[in-house]
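Results of the structural survey
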Amino acid sequence: MKPFRLLSYLLFILMVFGGCNQRKPSVTLEALIPLLAQNDQALGVTQPGDWLFHHPEKGQTFDQYKRCNPVSPDEERSVIYIQPIGDFDDTCNALIKHTAEYIQIFFGLRTVVLKNLGNDIFPDTITRRGEYNDTQVYAPYILNEILAKRMPRDAITLMALTEKDLYPNPDWNFVFGLANLRKSVGVTSLYRLLEKQDDRIDKTRSLERLIKVASHEISHMFTIHHCTHAVCTMNGSNSLPETDQKPNRLCSQCTAKLLWNLKIDPFVRMEKLRNFYAKHHLTGALSLLEADINITKPLNPSL
Ligand SMILES: [Zn+2]
Ligand SMILES: [Zn+2]
């Protein structure tokens, strides 16, 4: 086969099989979202210490989202890249791999893990000692000086997963993650998300947190703001207990934004998420998803 024809053939294969969940949706959002809304859980009264208590936010309706010209994938930029930074052991490397698999399902876009970068990429001038006397890295440096300069041509977004703790500015004690929408880059730290028992990492609990924070940060990069509509992955979080209380479930409004923007088939996505949650024993997320599958069954009896 001539090189050009071979290339065309490979491109065709990629177009057919590389689109993940992206195909013409099998159901309209007008039919789907009101059913999912029945499973939305109302937000409780905010208490001191909660994100919303200290950061009163107005939220973002589906209509506002549609009007704001959100970041969308196109023919040139549609790949989500994950950049690990740190000296990770096998358990952490597996967690990063599984997080990338989840991100691919969650957003219905091809997701690629780049080759690890070492911690020596951080100059001393942008680090400080955190509350546990471990090194903390200034997160905006990672966004602006590391990621923005390494953006692959076909990247819709590039997110780093770091071993080190992060701080967003000198006044804050830490941050789980940070995103720069304009530059389509983000960073999530594993430092506080890893659950350890006697120095051994609890893989299930750590993965549950990591996919929550990573999908939250990448959703920001598709211009989805913090959610005040219902209990949702897109709620802001001030602490690890608040992150743990959030579900690995987008509320109906945030689901509408994601499906509308990325043109994902909701039932293909649900089926893949169900397989992922079951395989990794993420029982909380699985039971919420089963409830969504059940309530939307009239629209898709085969699932
Ligand atoms: Zn956020
Ligand atoms: Zn929401």
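Residues numbered from 1 in each chain as written. Chains lettered and ligands numbered in written order. Predicted model: local features only at pLDDT ≥ 70, side-chain atom pairs only at ≥ 80, totals over all residues.

Another point: unusual backbone geometry. In the Ramachandran plot, asparagine 69 falls in the positive-phi region, its phi being about 55 degrees despite a non-glycine side chain. Secondary-structure assignment places asparagine 69 in the loop between α4 (62-67) and β1 (79-85). Judged by C-beta crowding, with 8 C-beta atoms within 10 Å, asparagine 69 ranks as exposed. For threonine 223, which is not a glycine, the phi torsion comes out positive at approximately 70 degrees. Examined against the element boundaries, threonine 223 turns out to sit in the loop between α7 (203-221) and α8 (240-245). (Helix = DSSP H or I, 4+ residues; strand = E, 2+ residues; numbered from the N terminus. Buried ≥ 20, exposed ≤ 12 C-beta atoms within 10 Å, placed from the backbone.)

Formed by 66 residues in total, the largest nonpolar core has its most connected members in Ile103, Ala139, Ile142, Ala160, Val187, Leu210 and Cys254. Sorting elements by how many residues they give to this core places helix α5 (residues 90-107) first, with 9 residues. Setting aside anything within four residues of it in sequence, one finds alanine 160 in contact with Gln83, Ile85, Ile142, Ile146, Leu147 and Val187. (Core = buried A, V, L, I, M, F, W, Y, C linked by C-beta atoms within 7 Å. Contact = placed C-beta atoms within 7 Å.)

Running from N to C, α5 and α7 point in directions that differ by 45 degrees, and their axes come no closer than 9 Å. In terms of their interaxial angle, α5 and α7 are classed as oblique. Note on packing geometry: the crossing formed by α5 with α7 is right-handed. Residues Thr91, Leu95, His98, Thr99, Tyr102, Ile103, Phe106 and Phe107 of α5 form the contact with α7, whose participating residues are Lys203, Ser206, Leu207, Leu210, Ile211, Ala214, Ser215 and Ile218. Grouping the constituent residues of the contact of α5 with α7 by class yields 10 nonpolar, 5 polar and 1 charged. (Axes fitted to C-alpha atoms, helices over the stretch in contact; angles between N-to-C directions. Parallel < 35°, antiparallel > 145°, perpendicular 65-115°, else oblique. Left-handed = near helix turned anticlockwise from the far one by under 90°. Nonpolar A, V, L, I, M, F, W, Y, C, P; charged D, E, K, R; others polar.)

In space, the 3 strands of this open sheet follow the order β3-β4-β6, with mixed pairing throughout. Each end of this open sheet is capped by a strand with a single partner; those strands are β3 (127-129) and β6 (165-167). Each adjacent strand pair in this sheet contributes to an overall mean axis angle of 40 degrees, direction not counted. Judged from the 3 bridges that link them, β3 and strand β4 (residues 135-138) form a sheet pairing that is antiparallel. From the neighbouring strand, arginine 129 faces β4, where its bridge partner is threonine 135. (Pairing = 2+ DSSP bridges.)

Let's shift gears to the domain arrangement of the protein chain. In terms of domain boundaries, the protein chain breaks down into domain 1 (42-264) and domain 2 (265-298). Inter-centroid distance (C-alpha atoms) of domain 1 to domain 2 is 22 Å. Contact residues are listed per partner, giving 13 residues for domain 1 and 12 residues for domain 2. Of all elements in the fold, only α5 and α7 reach the threshold of two or more residues within the side of domain 1 that touches domain 2. Counting residues per element, the side of domain 1 that touches domain 2 draws most heavily on α5, which supplies 4 residues. Looking at side-chain class alone, the side of domain 1 that touches domain 2 contains 6 nonpolar, 4 polar and 3 charged residues. (Domains from an automatic or database assignment.)

For helix α10 (residues 266-279), built from 14 residues, the straight-helix expectation of 20 Å at 1.5 Å per residue is met to within 8% by its first-to-last C-alpha distance of 20 Å. Those residues of α10 lying buried are Pro266, Arg269, Leu273, Phe276 and Tyr277. Each buried residue of α10 lies within a common arc of 95 degrees when the element is viewed along its axis, so the set occupies one face. Residues of α10 that are exposed and point more than 90 degrees away from the buried face comprise Asn275 and Lys279. For α10, the elements touching its buried residues are α2 (29-37), α5, α9 (252-262) and α11 (283-295). (Expected span 1.5 Å × (residues − 1). Arc of directions from axis to C-beta.)

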